[in-house]
Amino acid sequence: MSVPLTVMLVAAEASGDALGAGLAAALKRRLGDGVRFVGVGGARMTAEGVASPFDIAELSILGWIEGLKAYGRVKRRVAETAALAARERPDVVVLIDSWGFTIRVAKAIRAAAPQTPLVKYVGPQVWASRPGRAKTLAAAVDHLLALYAFDAPWFEREGLKTTVVGSQALHVDMSAADPEGFRRARGIPEDAPLLLVLPGSRPAEIRLMTTVYEGAVTRLLAETPSLAVAVVAASTVADDVSTRIAAWPFRVHLVSEADKYSAMKAATVALATSGTVSTELALAGTPMVIGYRFGSVSYAIMKPFFTGKYATLFNHAADAEIARELIQAAATPEKMAAEVGRLLADPAARAAQTAQQTAALDLMGRGGGNPSDVAADAVLGLMGARPR
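What comes next is a walk through the structure. (Residues numbered from 1 in each chain as written. Predicted model: local features only at pLDDT ≥ 70, side-chain atom pairs only at ≥ 80, totals over all residues. Heavy atoms only, no water.)

What about the side chain of Arg77?
Item 1. For Arg77, the position within the fold is in helix α4 (residues 71-88).
Item 2. Since its relative accessible area comes to 18%, Arg77 is described here as buried. (Helix = DSSP H or I, 4+ residues; strand = E, 2+ residues; numbered from the N terminus. Buried < 20%, exposed > 50% of the residue type's maximum accessible area, 1.4 Å probe, protein only.)

Put into structure tokens, the structure is as follows:
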């Protein structure tokens, strides 16, 4: 009986946990009992057989200041993860997203076991900031699994072999979404305008953005009293969002992640914190305005490193500001209310933006193979393994 391949998967945030779970499932489809998993992850990876030695929630860090405060904790978790690799001696290690944590893990494993193949799943967004990270990554790992075609040249120029696997966000299944049922269950008339607010999935995003969104919605309701408002509470921050939204002085429909896609399709316009959710909204056909704020000190430190024109992926792919981006000083209640109000008042503008968003998704690679399957094939190829 052959010894199973040992695959180590390391993720430090909810988005990486989802990618790791998808990759684990794809590898099991190919190898059955011929693969076992070790590593670090969240609930989704645990369900696929990856028993994490610690809770990754403590590694969800945003900004330089937050990173400095968490440095000691991150350093300990890096050492634990490297020690796990030393004990388990995996045939391959896949480090998923979360640049600050996974690059440290990569260096630690490389120093202790230089022959272990290292794969980075999702590279840093060097097209947006700190392009020097491409060289750093090339020196630390053997292969990159990139989400988008526009990622690859940055890393291949540094000699890092790259496979474009596509983004799972482009393969979201919204067939079960029920926008009519969503409105009906909440008593929102079919013809009433509905604003969907998506404040983010990280504690710092909720802390920095919810007050701004409250101010924007207050202004919008003064102009359009019939406006219905719904707020999505990501599972990672659900309690925090619920508490903050409960204090808003107007009616809000709180939406769980289970109803997120129905809410997206039901919405007239969305107001969203920058992130993967912008791609999901585009897939749902919802015009949006994007906002984002960092802590003031973190932003002052990071600002010189921003080199990209846009923060939103489909804006970058199209090289155009299809969805209005209001970042840092521009992310004010007044400006957000003005941009959302413009879309609410103009059906033609909404339709035009929706069409442009849809076209940009094609530029991002919509319609390709399942990313988890493509990633699994690349990992197996690196190990010289073949599916059964």
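Details of the sheet that holds strand β7 (residues 194-198)
Item 1. Taking strand neighbours across the sheet as the criterion, the six strands line up as β9-β8-β7-β10-β11-β12 in an open arrangement whose pairing is parallel. Two strands in the sheet have a free side with no partner beyond their single neighbour: β9 (253-255) and β12 (324-327). Here the strands of the sheet are splayed against their neighbours by 20 degrees on average, with no regard to which way each runs.
Item 2. Pairing of β7 with strand β10 (residues 269-273), which is carried by four bridges, proceeds in the parallel orientation. In the sheet register, Leu196 faces β10, and the bridge partner there is Ala270.
Item 3. On top of the sheet, helix α9 (residues 203-223) reaches β7, β8 (228-232), β10 and β11 (288-292); it is set at about 155 degrees to β10, its chief contact. (Pairing = 2+ DSSP bridges. Axes fitted to C-alpha atoms, helices over the stretch in contact; angles between N-to-C directions. Contact = heavy atoms within 4.5 Å.)

Some thoughts on the sheet that holds strand β5 (residues 143-146)
Item 1. Taken together, six strands build an open sheet; the order of strands is β2-β1-β3-β4-β5-β6 and the sheet is parallel. For this open sheet the edge positions go to β2 (35-40) and β6 (162-164), each flanked by a neighbour on one side alone. Neighbour-to-neighbour, the strand axes of the sheet open up by a mean angle of 20 degrees, direction not taken into account.
Item 2. Where strand β3 (residues 92-96) and strand β4 (residues 118-121) come together, four bridges link them in parallel fashion. The partner of Ile96 across the bridge, within β4, is Tyr121.
Item 3. Across the sheet, helix α1 (residues 14-31) lies against β1 (5-11), β2, β3 and β4, angled at about 165 degrees from β1, the strand it touches most.

Here's the deal with the pairing of β5
Sheet faces and side chains relate simply in a regular strand, where the side chains alternate between the two faces.
Item 1. With burial as the criterion, each face of β5 is covered, one bearing His143 and Leu145 and the other bearing Leu144 and Ala146.
Item 2. As judged from the three bridges shared by β4 and β5, these two strands associate in the parallel manner. Considered in β5, the bridge of Val119 is made with His143.
Item 3. Chirality of the crossover, the property in question, places the unit of β4, helix α6 (residues 133-140) and β5 among those that are right-handed.
Item 4. Pairing analysis gives three bridges linking β5 to β6, with the strands arranged parallel. The residue bridging Ala146 from the neighbouring strand is Val164, located in β6. (Right-handed = clockwise from strand over helix to strand, strands pointing away.)

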